[in-house]
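Here is how the chains run, residue by residue.
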Amino acid sequence: NAGVTQTPKFRVLKTGQSMTLLCAQDMNHEYMYWYRQDPGMGLRLIHYSVGEGTTAKGEVPDGYNVSRLKKQNFLLGLESAAPSQTSVYFCASSYLRGDQPQHFGDGTRLSIL
Amino acid sequence: AQSVTQLDSQVPVFEEAPVELRCNYSSSVSVYLFWYVQYPNQGLQLLLKYLSGSTLVKGINGFEAEFNKSQTSFHLRKPSVHISDTAEYFCAVSELTSYDKVIFGPGTSLSVIP
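Please read all numbers here as calculations on a predicted model, not as lab measurements.

What's the story with the sheet that holds strand β3 (residues 19-25) of chain A in this structure? I'm lost.
Residues and elements named next belong to chain A. Reading across the sheet, the four strands line up as β1-β3-β8-β7 and stay open at both edges, with antiparallel pairing between neighbours. Each of the sheet's edge strands pairs with one partner strand only, and the pair in question is β1 (4-7) and β7 (64-67). Each strand axis lies, on average, 20° off the axis of its neighbour in the sheet, ignoring direction. With four bridges joining them, β7 and strand β8 (residues 73-78) adopt antiparallel strand pairing. Considered in β8, the bridge of V66 is made with L76.

Set out below in structure tokens:
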């Protein structure tokens, strides 16, 4: 049982390059989330999805796009990477109800030079 | 709008000593409350959650937390810490009327000293 799997685990990009982070979950969860984690700032929600084919903006959506074409996958795209996007990115998923906890992947460490 | 405050960014404590990590929240509606733990280079894992009922909830690894509605607090405690408890701890809040978002606190870094 893999839970939430993020790929890649590490990546170094140059400013202006684009890339896609993949999140896959095998728990049949409806909700999926993308967060970024920066020192001293906790987790900040980038985008989230409440079901296949739906996406919504979170707290810090600028510079990112997402897609949820399949229920089990949630993709995060960086259109034109900037040094300010250097961070650790976490994907999470949960059941529909708000009393259910989120399940997290192990993160993607992204550096933008 | 809901918010979560963790009053201590870093908490050093000696091994086998007790510890309390503080969490306060603000919300105009009823909430669900969670504590998560993050070990180095890993994602967050659920420690415990408060949904309703008894205000004292027990979680994994000997941790417990007490919900205090009047003080809007949900402090995490452990009577005797181990080296393996060194990690980052996050308090999180989910409003009953907004199932699609959870607000996380900034985190408390617990360092257990041998």
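Once you've had a look at it, read on.
Is there a simple way to think about the interface of chain A and chain B in this case?
Interface size, as often reported, equals the accessible area lost upon joining of the parts. Of the residues lining the interface, 22 residues belong to chain A; the matching set on chain B comes to 20 residues. With both chains or domains summed, chain A and chain B bury close to 1,700 Å², and 58% of this area falls on carbon and sulfur atoms. Here chain A and chain B share zero salt bridges between them. Taken together, the links from chain A to chain B amount to two residue pairs in polar contact (both at pLDDT 80 or more). Those elements giving two or more residues to the side of chain A that touches chain B turn out to be β4 (31-38) and β5 (42-49) of chain A. Looking at the side of chain A that touches chain B residue by residue, the class counts come to 12 nonpolar, seven polar and three charged.

Is there a simple way to think about the state of the cysteines in this case?
In the structure shown here, the tally under the stated rule is two disulfides over all chains. The disulfide partner of A:C23 is A:C91, and the gap between their sulfur atoms is 1.9 Å. Given an S-S torsion of about -75°, the disulfide between A:C23 and A:C91 has left-handed geometry. Of this pair, A:C23 sits in strand β3 while A:C91 is found in strand β9 (residues 87-94), placing the two residues 68 residues apart along the sequence. By relative accessible area, which is 0% here, A:C23 ends up buried. Residue B:C23 pairs covalently with B:C91 via a disulfide, S to S 2.0 Å. The chirality of the disulfide connecting B:C23 with B:C91 is left-handed, given an S-S dihedral of about -65°. Linking B:C23 in the loop between β3 (19-21) and β4 (24-26) with B:C91 in strand β10 (residues 87-95), this pair joins segments that are 68 residues apart in sequence. Neither residue differs from the other here; B:C23 and B:C91 are each classed as buried.

Cut-offs used in this document
Numbering of residues starts from 1 in each chain and follows the order in which that chain's sequence is written. For naming, the first written chain is A and the first written ligand is 1, with later ones following in the order written. Two thresholds apply to this predicted model, a pLDDT of at least 70 for residue-level local features and 80 or more for giving and counting side-chain atom pairs, whereas whole-chain, interface and lining totals are computed over all residues. Side-chain metrics in this entry use all non-hydrogen atoms of the structure; hydrogen atoms and water are not considered. Any two strands are treated as partners once DSSP identifies two or more bridges connecting them. The way it works is that DSSP assigns letters per residue, a run of H or I at least four long becomes a helix, a run of E at least two long becomes a strand, and they are numbered from the N terminus. Only the stretch in contact is used when a helix axis is fitted, and all axes are lines through C-alpha atoms; the angle between N-to-C directions ranges over 0 to 180 degrees. A contact between two residues is defined here by any heavy atoms of the two lying within 4.5 Å. Two parts placed together each lose some accessible area under a 1.4 Å probe, and adding up what both lose gives the buried area. Only one rule defines a salt bridge in this text: a Lys or Arg side-chain nitrogen within 4 Å of an Asp or Glu carboxyl oxygen. Counting of polar contacts relies on pairs of N or O atoms within 3.5 Å, with two restrictions inside protein: one atom must be capable of donating a hydrogen and the other of accepting it, and residues adjacent in sequence are counted only when both atoms are side-chain atoms. Three classes are used, and their members are as follows: Ala, Val, Leu, Ile, Met, Phe, Trp, Tyr, Cys and Pro are nonpolar, Asp, Glu, Lys and Arg are charged, and the others, Gly among them, are polar. For the purposes of this analysis, a disulfide is any pair of cysteine sulfur atoms at a distance within 2.5 Å. Residue exposure (1.4 Å probe, protein chains only): buried if accessible area is under 20% of the type maximum, exposed if over 50%, otherwise partly exposed.

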